[in-house]
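Structure at a glance
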Amino acid sequence: MALSSLRLQLRFLLPLTVTLVLAAMLAVPLLDQVTLRWFSRDLNSRGMLVAGALTDAVAEALQTHRTERLRPLFERATQDERMYAIGLCSPSGELLQHTQRFPPELSCRHALDVAQQGEPQLALAGGSVHVGVHEVMGLPPPPAAPVAPALPEGGITSGDVVPLPAPPANPAAAAASPPQPVLVGRLLMLHDLSFIDRRSQDTRRYLIGFIAVLGLAIALITVAVAQLSWRGWVKGARALMRGEGVLAPFAPVPELAPLASELRSRLRDLEDEYRRAQGPEAEWTAERLRSLLRTRLSGDQVIVVSNREPYIHVHGDDGIVVKRPASGLVTAVEPVMRACSGTWIAHGSGDADREVVDAGDRVAVPPGQKDYWLRRIWLTPEEEQGYYYGFANEGMWPLCHVAHVRPVFRESDWEAYRTVNQRFADAVVAEARREDPVVLVQDYHFALLPAMVREQLPEATILTFWHIPWPNPESFGICPWRREILQGMLGSTILGFHTRYHCKNFIETVDRYLEARIEHEHSIIAHQDKETLVESYPISIAWPDDAAAAWPAVAECRRRVFERLALPENAVLAVGVDRFDYTKGILERLNAVERLLEKQPEMAGRFVFVQVAAPTRAALDEYQSFQQRVQLTAARINTRFGSAACQPVHLLARHHEPDAVNELFRAADICVVTSLHDGMNLVAKEFVAARDDLAGVLVLSRFAGASRELTEALIVNPYHVEETADALYRAATMPAAEQRERMASLRSTVREFNVYRWAGRMLADAGRSRLRARIEARVRRFQEDG
């Protein structure tokens, strides 16, 4: 600790010392120059004063030609400690008079040259002197008296002509204009500069002393601040590692606030790496999730709310049949509920659902195992039309997906949406055995439910996960009830999205449309005295370790699929498995298949694309129109490139059970996922999990959240037909060695980042939140009692 602190201090002190030394080295010469300029101006001013005092005497002496009288005057003037010598020069440059110390080698012309320099200094044997030249103005010397003409030797007699002096040409002008001052001489003044050197030395000593004292003060302050900061940073880092500050509106140390999210994420990764190093049993599994629930949420009830139920009971030929719906949400959440043994509340949509529930509309699932309870909510056709088909899927779904479909918002749909959300919220309250259950709200069907549950169960820990993308603030502003939706979602304790980008969009949307305090460093939104953590939790699937043992071999799966579809033995099989939804890019991948066959004619008769498209929301006009366009496009491609022996496109528009989908994945050479906008897309991960033979190629849209994790896939822009077609050809011709290398990396990623890790991180954050809330409640009670 002390050594680390010393190193931290040296990081400050060494650059500080170097900086101060350089500053002193630069400042001293600069200060000398500035001091010299100041004193030069001062000496010039003093010289002008002395010259002014001597001007009259000098002018009179020059006028009377008695310059020897000036020497004593000059000597007295040089008694000043700064005055070294004085000399008098004639206008023509002749040295007329000087003091005793006037340098004999200095001529008037040389002194004039030195004085005209920028720094008028002259180096003498005794030291440097400052040379100043000051002009002396005065009246010109009087002219000599006119000489009278010589008289005759005998005197002047009558008749003699005596010459007289010539009178002035203009006597009046001569009498009217007085004589003008003219340059009569120059005073040379030499000032001793030795006192400037003494002053400069004193100044340098003072400056160096000041810098030393300043440096010492800064060093002491730096050491103190570094010591305190180091201790604070260590304390803050330890607090973050203990989980403190994760859900609070402030970090233990403000300076660590920008790093809190990154540090928390990295600590989680290190924890996973450590557990991986301990062996396979340390990976995220259902048992590890149960262990986390026992330690972090011991005795706490877990309730899941979603629109789609995990099991549907329908009438079949042999009675009531149980089906698993085609839903990524069910794929992800159902294994978590098996581990948690809680209650799942969902809409009962099967025609036999009412026949299997008890008096409380509950049924134990999965059939034969009964790991958890499924509570079904019944909706009228009008409510389902307004809430599900209307507001949720004609409004919120296209609003949140950038798929170029206009959202539709109706007042009646909004009223149905609110009514159904309240009914589900009431069911949560009814199922809650205590005041603080853990409620997992799933997806865009229940944007209002968190606040409704919060109103009735203030102590509940509500985790809302938004399975679809979140748009930017401008796009979300289309919704007429944007404020109500945001306020409903902010009833959550934790609000999860697939990616940080979607978190950022949501925070910016709240900032745009609500009055809320936002802690950007911690991704915390405080609204109406309630805080919500906005965090990214990339969803995934359960890794099929146990199920894989019962799978048929890849060769057997390929044989079955090829026989069922009557495919040629040498066919390259590409598959796509989606709901029949316009956001999945089905039309775009069909166009890419068509372009591939155009560019690579040799692939006709060999390349086969099978699209599984489970019907969904068929009551909506947009979906009906989309299905028709897909069917027409598939028919066109088969007409252009098909033959009696091989059709290039097989469109299977019906529901497939998980085993049938898995068989198709294991038989395929390529899996194509070309979502136009997707939160995650679990089909890509399911394909990777199915390929335990390390064969097959994944073609993945860059607009799917999974592309951020599955980087070894062939990433494409589905809007770019040429790029997608080229990727399909590259996948069809990829060597087996490259396939194995890519698939091994993909499988490692999906196995590590599985659904139990997704749920575990959310529930771990929920556990920390609940612990902190309980501690704060005890502190409040203690203070109230005190």
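Not measured: the values here are computed from a predicted model. (Residues numbered from 1 in each chain as written. Predicted model: local features only at pLDDT ≥ 70, side-chain atom pairs only at ≥ 80, totals over all residues. Heavy atoms only, no water.)

**As for the overall build of the chain**
Helix and strand counts for the chain stand at 23 helices and 23 strands. Restricting the contact set of the chain to residue pairs at least 6 apart, pairs at least 24 apart contribute 74%. When the accessible surface of the chain is totalled, it reaches about 38,100 Å², and 54% of it is carbon and sulfur. (Helix = DSSP H or I, 4+ residues; strand = E, 2+ residues; numbered from the N terminus. Contact = heavy atoms within 4.5 Å. Areas by Shrake-Rupley, 256 points an atom, 1.4 Å probe, with all protein chains shown as cover.)

**Here we look at the state of the cysteines**
Inspection of the entire model under this criterion finds 1 disulfide. With its sulfur 1.9 Å from that of its partner, Cys89 forms a disulfide with Cys108. Residues Cys89 and Cys108 are joined by a disulfide whose S-S torsion is about -90°; by sign, that bridge is left-handed. Here Cys89 is found in strand β1 (residues 83-89), whereas its partner Cys108 is found in helix α3 (residues 108-115), with 19 residues between them in sequence. A single burial state applies to Cys89 and to Cys108, both of which are buried. There is no disulfide at Cys400, and the cysteine sulfur nearest it, in Cys479, is 9.0 Å away. (Disulfide = S-S within 2.5 Å. Buried < 20%, exposed > 50% of the residue type's maximum accessible area, 1.4 Å probe, protein only.)

**Comments concerning the pairing of strand β20 (residues 649-652)**
Examined bridge by bridge, strand β19 (residues 607-614) and β20 share 4 bridges and lie parallel to one another. Residue pairing in the sheet places Val612 in a bridge with Leu652 of β20. (Pairing = 2+ DSSP bridges.)

**Some details on the nonpolar core**
Trp466, Phe506 and Phe607 are the most contacted members of the largest nonpolar core, which has 93 residues in total. In terms of residues, this core owes the most to one element, helix α9 (residues 381-400), which gives 9 residues. What Phe607 contacts, discounting residues up to four positions off in sequence, is Val572, Ala574, Val593, Leu596, Leu597, Pro648 and Ile670. Membership of the second largest hydrophobic core comes to 81 residues, among which are Val304, Val357, Tyr372 and Leu440. (Core = buried A, V, L, I, M, F, W, Y, C linked by side-chain atoms within 4.5 Å.)

**Brief notes about the sheet that holds β1**
The strand order across the open sheet built from 5 strands is β2-β1-β5-β4-β3, with neighbouring strands paired in antiparallel fashion. Looking at strand neighbours, the two that pair on one side only are β2 (95-98) and β3 (121-124), the edges of this open sheet. Each strand axis lies, on average, 30° off the axis of its neighbour in the sheet, ignoring direction. Direction of pairing for strand β4 (residues 127-138) relative to strand β5 (residues 182-192): antiparallel, over a ladder of 10 bridges. In the sheet register, Val131 faces β5, and the bridge partner there is Leu190. Running over the sheet, helix α2 (residues 70-77) touches β1, β2 and β5 and is turned about 155° from β1. α3 contacts β1, β2, β3, β4 and β5 of the sheet and is inclined by roughly 105° relative to β4. (Axes fitted to C-alpha atoms, helices over the stretch in contact; angles between N-to-C directions.)

**Focus on the confidence of the model for the chain**
On average, residues of the chain carry a pLDDT of 84, and 85% of them reach 70 or more. Segment residues 245-252 is flagged for pLDDT under 50; beyond a separation of four residues in sequence, or across chains, it makes 29 contacts in the model. Considering only residues more than four positions removed or in separate chains, one finds that residues 277-281, a stretch of pLDDT under 50, has 0 contacts. (pLDDT = per-residue confidence, 0-100.)

**Let's talk about the environment of Val755**
With respect to the helices, strands and loops of the structure, Val755 is situated in helix α23 (residues 755-785). Its relative accessible area of 0% is what places Val755 among the buried residues. Once the C-alpha coordinates of Val755 and Tyr537 are considered, the two residues, 218 residues apart in sequence, prove to be 10.0 Å apart. Beyond its immediate chain neighbours, meaning those up to four positions away, Val755 contacts Ala332, Pro335, Val336, Ser540, Ile541 and Ala542.

**Overview of the pattern of salt bridges**
Counted under the stated rule, the structure contains 43 salt bridges. Across the pair Arg423 and Glu383 runs a salt bridge, and its minimum N-O distance is 2.5 Å. Of this pair, Arg423 sits in helix α10 (residues 411-431) while Glu383 sits in helix α9; the two residues are 40 residues apart in sequence, bridging distant segments of the chain. By relative accessible area, Arg423 is classed as partly exposed at 28%. Linking Glu598 and Arg640 is a salt bridge whose minimum nitrogen-to-oxygen distance equals 2.7 Å. Here the residue Glu598 occupies a position in helix α17 (residues 586-599), and Arg640 occupies one in helix α18 (residues 621-641), the gap between them amounting to 42 residues. Each of Glu594, Arg595, Glu598, Lys599, Arg636, Arg640, Glu722 and Asp726 takes part in salt bridges that share partners, so that together they form one network. (Salt bridge = Lys/Arg side-chain N within 4 Å of Asp/Glu carboxyl O.)

**Quick look at the packing of aromatic side chains**
Tallying each qualifying case throughout the model produces 23 aromatic pairs. With centroids separated by 6.5 Å and ring planes inclined at 70°, the aromatic side chains of Phe409 and Trp481 adopt a geometry described as edge-to-face. Here Trp481 lies in the loop between α12 (473-476) and α13 (482-489) and Phe409 lies in the loop between α9 and α10, a separation of 72 residues in the sequence. Just as Phe409 is buried, Trp481 falls in that class too. A cation over an aromatic ring shows up here: Arg362 above the ring of Trp373, its NZ or CZ 4.4 Å from the ring centre. A cation over an aromatic ring shows up here: Arg617 above the ring of Trp397, its NZ or CZ 4.4 Å from the ring centre. (Phe/Tyr/Trp six-rings, centres within 6.5 Å; stacked < 30°, edge-to-face > 60°. Lys NZ or Arg CZ within 6 Å of the ring centre and 35° of its normal.)

**Section: the packing of α13 against helix α14 (residues 500-513)**
With their axes 11 Å apart at the nearest point, α13 and α14 run at an angle of 125° to one another. Relative to α14, the element α13 is oriented oblique. For the pair α13 and α14, the crossing hand works out as left-handed. Residues Arg482, Arg483, Leu486 and Met489 of α13 pack against Phe506, Thr509, Val510 and Tyr513 of α14. Each residue belonging to the contact of α13 with α14 can be placed in one class, and the counts come to 5 nonpolar, 1 polar and 2 charged. (Parallel < 35°, antiparallel > 145°, perpendicular 65-115°, else oblique. Left-handed = near helix turned anticlockwise from the far one by under 90°. Nonpolar A, V, L, I, M, F, W, Y, C, P; charged D, E, K, R; others polar.)

**Here's the deal with α9**
Roughly 40° is the biggest bend found in α9, and it falls at Ala392. Within α9, 16 of the 20 residues are buried, which leaves the element mostly enclosed by the surrounding structure. (Bend = angle between axes of the 7 residues up to and from the residue.)

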